[in-house]
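Coordinate analysis (summary)
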Amino acid sequence: MVSVVDESVTSDSPNSEAKSRLKEAAGLIAKIVKFHPRLFVIAVSGAALFAVCTVASSIGLRWVIDEVILVRFNENRSDAGALAIGSAIIIGIGLLRAFGVVIRRSFAGKTEWRTAETITDRVLDHVVAQPVKWHRSRMTGDIVARCGIDSDASVSILAPLPFSSSVLVMMVVSAAWMLYVDITLGVVAVCVFPILLSLNIGYQRRIDRYYNQAQKELGTLSEAVHESFDGVMVVKSFGAEQRETARLADITARLRDARIDAVAIRSMFEAMLDAIPTLINIALIVLGALRVKSGDMTVGELSSFIYLFSLLMFPLRIIGYLFSEIPHSVAGWRRVNEVLSEPIGSDPALKISRSPQDVAIQIENLSYAHNHGSKVIDGLSLKVMKGETVALVGATGCGKTTLLHLMTGLLEPSGGSISVGDGGVALVFQEAFLFADTLAYNITLGAEIPAERQERAIDIAQCREFVDALETGLDTTMGERGVSLSGGQRQRVALARAIAHDRALLLLDDTTSALDPATEAKVINNLRSLAGRQTVLVVASRPSTIALADEVLFMADGRISDRGTHDELLRRSPKYQELIRAFEDDRQKK
Amino acid sequence: MNEPVGRFTTAKTINRGFGVAPALSKGIGVTFVLAVVGSLARVVIPVTIQQTIDKGLRPGDVRIGFIVQMAIVAAVCVMVASVALRQAVFRLGVGAENGLYTMRVKLFEHIHRLSLADHNDERRGALVSRVTSDIETLTMFFSWGALVWLLDGSLMVVVACVMLSYDWILALVAFAVSAPLYFVLRNLQRRLVAAYDIARENNAELLGSISELVAGTETLRAYQAHAPMLRKSKQAVRKRADAQIRAGVIGAFLFPSGEVFAVFTIVAIVCVGIFRGVDSGLTAGSMVGFVFLTYRFLEPIAEFTEVVDQTQTAVAGLRRVLGVLDTPIGPPQASNPLALPNRDLKIELKDVSFSYSSRLDTQDDDLPVLRQINLEIPAHQHVALVGESGSGKTTLARLIARLADPTIGSVSLGGVNLKRVANDELRRRLVVVPQEPFLFAESIAHNLKFAAPHAEREELENVISKLELTDWIRSLPDGLETQVGQRGASLSAGERQLVALARAALTNPDILILDEATSAVDAIAEVRLAKALQALSLGRTTISIAHRLSTAARADRVIVLEHGLVKEDGTHEGLIAKGGEYAKIYAQWLSATSSQK
């Protein structure tokens, strides 16, 4: 949204920019109207009914004035029949006109939100189909914005559309009627409508520029306030309270000045746009009186013209809003379209092949480079037999996590091959991600998993104690509105998830580091009891965890530099020894 | 201040608001008069029509001269009214902007002076929204709601007066028939607000669901579990659309209800008028005028009903703003400050106790964080505070820095009670380097100058070279002008600490309080930090909140805290020899870092 503001304020040639945007807006409308054409047509029909009834109501008024009011007061004649007809006309047209509004507004809303739904669904399908690599190169907030706020923005142009079309219909119909009744007044009206319309649109565009400027200042202020309050410790420790206040006051003053500029423009235009139609109306009265004098027009017709003219002023005023929606809408659509027009990347999981029997993982000459080119994994090979429990040890940032993600098929290697055995892979991430749903959902993730398997997983992952303590057990909702779990508990839920999915290969990414050593030992021992069925590869940093593994893979310089038992490695590798000590140091700090 | 602002009535809240920002109410009377004059333009057409029909267009007697004269008078009225309207809108807007400016600046100042207890993470967001979104609700109110009260209010009064002057019976008929509209609108309005609340909730749910789908994408992919989650998100999308559509339908009924009432009111007026006839003194012109006036009269009602809610929101915002201004500020400033001695600032704590729940509104009075602390730290000593988290070491350092005042007891510096020391002087003589140093999204030079705004370039470079950081600064793309990014994000954690140390050195303080960082830094940064720290602490009193025992081992004196009490106090060697708590922790650390299990 900020970028929209920037564009419209700073663009060098506002006119050509506005024109191309208008063109883009037309394209956008043409495209999204097709999503739900039936709803849109109903909305526009309601709008047309409203427009026709508006003009008709002034004709009804003319009839009442000429046939009822003037008859009674100028000729002092009562005509109960005419009064009844007149009342019926006014009420009938009024109700019909209101009905038109109800139809127009409710179906315009339907069109807008159903279209938003369609667009959001499409964006979601697209986002979900994209591989992890695509997601990692973007901010979560940005993707969410494109699915939500931007989709909503792109359809916001739809809501005022039926109304705007009804204004057009109204202008045409009333001009035609006025011309039919009286050429002179008709011509005046025909000239005046477009002038008023463009005046309103021009004003709206101008005032939007001021508002955008003010909005930008507000953004700056909000950022500065965040920063300043975040840094309150520094502000206090250097005694800079007054300096900071003065700095923020400067920014606030800019916001105030921008807004006062906007008020100056707005107050002038509001007054002018109020006065001009009234002045024209006064002129119409004089002109009309001349026509009445010459006998070309009745008093009722004159009054109904003035009435119609007053009725039209309001729609003419607010049609300007349609034009202020355009930049917002177009910018939203652009961002949505960026996602929709991007080809879906390939799924790296499809490139993982089946390993020979008895082999759980076989990796050959694997390499992987980050986007900026530095190789994290460089010519790595390894082989793990089925049923083994293996520890992967290496310095922070040496590529252990990347290796696990490659093995799970989340990332695509830049070279080499990976094959894993039958029965699938379950990865427990370093940071457990829990969904704001029930505990049960968090374990099954929507897959059909029998209850006893879930229960067993809960036991193995040492979740039993806190799950039983929850009043609603597995049906307890997690997250913001539900129960919040500690880091260790979250990790154990993630672990239970992996175990419940019953895959042949279990990958644990430093999962147990959030647990106390005793719980950790229980979990690992439980996992070992699964041995023979499940192969476990665990990224570990605690000597106690490492010691539980059958074998240790020592990762350095992008490959497996050594392997053996913990004690063997401690004895023969000074680098390994140093690393284990560094881990302990770090732990002490915390 | 005796009474919490939360219990103020609306009128009292608004009054307090005017007190805080007098510009809001200054000259409001004149503005109102201008608005009344401005709304006269709206009745010009009905009156002109009435006059034209009654006096200018009598059957068989059309008096163009009269009509032209009247048109000229009407046009002049419109122009005068429009100038008045312009002035009214402008005055209201400028007054509001000036008033809200004052309010914001008062808030900034006040919030910066609030104690750190009011600046915890949970409250920070709230404080930010006080100065941003809460004041914005007031801005919104002044640019629309207040305008509606002012302009439409005066319009209704003027229209009602004109109606009554034409014919009081017809006027009463008009009021009576249209009165229920207010209740219909209020009712629909309430439903609409409720419907939009639901839509907003559904929207939040939708965004929450999409965020999960996106943020959890790796987990979902690892378990091929996208489909159910995607289905859930799409359900949320549908639910939100349904709620929006429902709200839209209510709005669709609300919007034309004014028209419907206008139609019935007009018919009632016409029928009553016709029934009463010429003899009642009614004229054809005033009948037509009534029809026009009815629309003018009903127009503002719809807006009023909307504005009622907006006004409530604005008052609630104002109430929250005043609530912050009523929160007492942190350590109050010394009224009659005493000067600190020029050198050798001894730190002394006498019978110091502290608890965070000194605030009146908190119910739970938990245990004091510090209890009966008596300490003396001579000038130039290097002290390490050691203890588990929650032992009170951070609080102790804060009391010495006067980021908070002790609940009981006193802290003095060079023999002067901290409460009597001017804040400016204290901040020159004592500097705190927090655990996670905060940097502004500016250049390194700018961040250094935060400590000393008038420092010359040369001084910056001197400090840099004293701390042996010249090499590091040279290695950066733009040297001292390198931008550090949001909260210093373009620098590593270690580099941020380097900037914080240089910043502290620039004030050349007598006392340095260091909250040691816990986050890991790479080896090169570690070496640089150690060197810079050594250079910085040379010749100063240094109090380190030690998270690493290696730091404690290097200090002149180790103070071990436990549950808010000083458990042990002595040199590293002395405490080891004593074989107490410190010796135990140290032994644990040693064994854990050796390679043997």
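Residues numbered from 1 in each chain as written. Chains lettered and ligands numbered in written order. Predicted model: local features only at pLDDT ≥ 70, side-chain atom pairs only at ≥ 80, totals over all residues.

**Digging into the overall build of chain B**
To be explicit about the condition: Helix and strand definitions follow DSSP, with helices as H or I runs of at least four residues and strands as E runs of at least two, each counted in order from the N terminus. With C-alpha atoms as the basis for the radius of gyration, the globule rule is written as 2.2 Å multiplied by the number of residues raised to the power 0.38. Comment: burial labels come from other C-beta atoms within 10 Å of the residue's own C-beta, placed from the backbone, where a count of 20 or more is buried, 12 or fewer is exposed, and between is partly exposed. By the convention adopted here, residues make contact when the C-beta atoms placed from their backbones lie within 7 Å.
Of regular secondary structure, chain B possesses 19 helices and twelve strands. For 597 residues, the compact-globule estimate of 2.2 N^0.38 gives 25 Å, and chain B exceeds it by more than 25% at 36 Å. Overall, chain B is about 120 × 70 × 50 Å in size when its C-alpha atoms are taken along their principal axes. Counting the 597 residues in chain B, one finds 44% classified as buried. Within chain B, contacts between residues at least 6 apart in sequence are counted, and of these 81% link residues at least 24 apart.

**Some details on the interface of chain A and chain B**
For clarity, the cut-off: The nonpolar class holds Ala, Val, Leu, Ile, Met, Phe, Trp, Tyr, Cys and Pro. Asp, Glu, Lys and Arg form the charged class, and all remaining residues, Gly among them, are polar.
Contacts between chain A and chain B engage 116 residues on the former and 118 residues on the latter. For the side of chain A that touches chain B, the class distribution of residues is 63 nonpolar, 29 polar and 24 charged.

**Focus on helix α13 (residues 400-408) of chain A**
Residues and elements named next belong to chain A. Of all nine residues making up α13, seven are buried, and the element is well covered by its neighbours. If you check which residues of α13 are buried, you get Lys400, Leu403, Leu404, His405, Leu406, Met407 and Thr408. Backbone geometry just after α13 places Gly409 at a positive phi near 80°.

**As for the sheet that holds strand β12 (residues 565-570) of chain B**
In sheet architecture, strand pairing relies on hydrogen bonds along the backbone and comes in two forms, parallel and antiparallel. All names here are of chain B. Threshold: In this description, strands pair whenever DSSP reports at least two bridges between them. All axes are obtained by fitting lines to C-alpha atoms, using only the stretch in contact for helices, and the reported angles, taken between N-to-C directions, cover 0 to 180 degrees.
Here six strands make up an open sheet; going across it, the order is β8-β9-β10-β5-β11-β12 and the pairing mixed. For this open sheet the edge positions go to β8 (430-433) and β12, each flanked by a neighbour on one side alone. Direction aside, neighbouring strands of the sheet carry axes that sit 15° apart on average. Inspection of the sheet shows strand β11 (residues 557-562) paired to β12 by five bridges, in the antiparallel sense. Within the sheet, the bridge partner assigned to Ile559 lies in β12 and is Asp569. Sheet strands in contact with helix α10 (residues 393-400) are β5 (382-386), β9 (511-515), β10 (541-545) and β11, and its direction is about 150° off that of β10.

**Here's the deal with the domain arrangement of chain B**
Residue and element names in this part refer to chain B. The test is simple: Where each domain begins and ends follows an automated or database-derived domain assignment.
By domain assignment, chain B separates into domain 1 (1-166 + 306-330), domain 2 (168-281) and domain 3 (347-357 + 367-593). On a C-alpha basis, the centres of domain 1 and domain 3 stand 52 Å from each other. The residue makeup of the side of domain 1 that touches domain 3, split by class, is two nonpolar, two polar and no charged.

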